[in-house]
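# Coordinate inspection notes
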Amino acid sequence: MLNKNDFDLWADGYDIAVGISDEENTYPFAGYRDVLGNIFHAIMEKPNATVLDIGFGTGTLTTKLYEHGCSIYGQDFSSGMIELASGKMPGSHLYQGDFTKGLVEPLRNQCRQEAGDEWDDEELYFVADELRSAFPNITFRQISYCAGILTLTR
């Protein structure tokens with residue numbers, strides 16, 4: 001598994017590597033462009049959306065959203081990736097931190113403020129099948145053999 005230092009070293013060539021993997025339909029980025037396109041279109045349905053992107057990398061998706069008027073908040077553990085993304089989105093709020101340890105404090109405070117009374121201090125992780133009993137309208141659309149979009153509607 002790649003660690004922070006590996007991603008820092010990979011940052012300059014990351015977008016090229018992702019593009020090649022997606023174009024050649026190989027692991028781990030097969031379907032990457034389609035997934036990002038679908039997410040982009042879903043977010044664009046809400047004017048002036050506020051976006052929280054965990055693991056935004058070089059900002060491929062978030063930069064497009066930023067250019068279309070979205071407010072961008074993000075957390076990534078690679079300072080190299082953050083440096084590249086920050087240059088593309090000077091008005092964004094990007095923070096370094098390892099998500100396995102939770103959100104960094106500025107993002108946690110922002111999310112808590114936005115969520116208001118709905119904020120839950122417990123972190124829970126699910127897969128689609130586990131959520132279906134509580135959310136019968138949840139869908140998973142497979143984009144490639146290693147990518148897809150999970151949609152939860154109210």
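Note: the structure precedes this text.
Described below are features of the structure shown in this document. Computed from a predicted structure; not experimentally measured.

Here we come to the packing of helix H1 (residues 4-23) against helix H4 (residues 79-88). At a minimum axis distance of 6 Å, the contact between H1 and H4 shows a crossing angle of 40 degrees. The orientation of H1 with respect to H4, classified from their angle, is oblique. Across the interface between the two elements, Lys4, Phe7, Asp8, Ala11, Asp12, Tyr14 and Asp15 of H1 pack against Ser79, Gly80, Met81, Leu84 and Lys88 of H4. The class makeup of the residues in the contact of H1 with H4 is five nonpolar, two polar and five charged.

Moving on, we come to the packing of aromatic side chains. Enumeration over the complete set of coordinates arrives at six aromatic pairs. Seen in terms of ring centroids, Phe7 and Phe77 are 5.5 Å apart; in terms of plane orientation they differ by 55 degrees. Their pairing is tilted. A residue pair is termed long-range when its members are at least 10 positions apart, and Phe7 in helix H1 and Phe77 in the loop between strand S2 (71-76) and H4 qualify at 70 residues. Look at Phe77 and you get partly exposed, because its relative accessible area is 24%.

Within the largest apolar cluster, 14 residues are counted, with the highest numbers of intra-cluster contacts made by Ile43, Val51, Leu65, Cys70, Ile72 and Leu94. Only helix H2 (32-44), helix H3 (60-67) and H4 provide two or more residues apiece to this core. Among the elements that line this core, the one with the most residues is H2, at three residues. Each residue touching Ile72, except ones within four places of it in the same chain, is listed here: Val51, Thr62, Leu65, Tyr66, Met89, Ser92, His93 and Leu94. In this structure, Phe7, Tyr14, Phe29 and Met81 belong to the second largest nonpolar core, which totals six residues.

Here the focus is unusual backbone geometry. Of the consecutive residues Tyr27 and Pro28, the connecting peptide bond is found in the cis state with omega at 5 degrees. Here Pro28 shows up in the loop between H1 and H2. Backbone geometry places Asn25, a non-glycine residue, at a positive phi of 55 degrees. Its relative accessible area of 44% is what places Asn25 among the partly exposed residues. At Asn48, a position not held by glycine, the phi torsion is positive, near 55 degrees.

Strand order in this open sheet of three strands is S1-S2-S3, and the pairing throughout is parallel. Unpaired on one side and paired on the other, strand S1 (50-54) and strand S3 (93-96) mark the two borders of the sheet. In this sheet, neighbouring strand axes are inclined to one another by 10 degrees on average, regardless of whether the strands run parallel or antiparallel. By the bridge criterion, four bridges tie S2 to S3 in an arrangement that is parallel. For Gln75, the partnering residue across the bridge sits in S3 and is Tyr95. Relative to the sheet, helix H5 (residues 105-115) contacts S1, S2 and S3, its axis offset from that of S2 by approximately 135 degrees.

Rules and cut-offs
Throughout, residues of each chain are indexed from 1 in the direction in which the sequence is written. Reporting of local features is limited, given that this is a predicted model, to residues whose pLDDT is at least 70; pairs of side-chain atoms are given and counted only at 80 or more, and all residues count toward the totals for whole chains, interfaces and linings. Each side-chain value is worked out from all heavy atoms of the structure, with water and hydrogens disregarded. Structural elements are reduced to axes, namely lines fitted to C-alpha atoms, with helices fitted over the stretch in contact, and the angle between N-to-C directions of any two is expressed from 0 to 180 degrees. Runs of H or I in DSSP of at least four residues are treated as helices and runs of E of at least two as strands, each being numbered from the N terminus. Oblique is the label for any angle not under 35 degrees, not over 145, and not in the 65 to 115 range, which are roughly parallel, roughly antiparallel and roughly perpendicular in turn. What makes two residues a contact is simply this: any of their non-hydrogen atoms within 4.5 Å. Under the convention adopted here, Pro, Cys and the residues Ala, Val, Leu, Ile, Met, Phe, Trp and Tyr are nonpolar, Asp, Glu, Lys and Arg are charged, and Gly plus all remaining residues are polar. Centre distance within 6.5 Å is the pairing criterion for rings of Phe, Tyr and Trp, where only the six-membered ring of Trp is used; planes under 30 degrees apart are then read as stacked, over 60 as edge-to-face, and the remainder as tilted. Buried means the residue's accessible area, taken with a 1.4 Å probe over protein chains only, is under 20% of the maximum for its type, while exposed means over 50%, and partly exposed covers the values in between. We define the nonpolar core as a collection of buried residues of types Ala, Val, Leu, Ile, Met, Phe, Trp, Tyr and Cys that are connected through side-chain atoms lying within 4.5 Å of one another. At least two DSSP bridges between two strands are required for those strands to pair.

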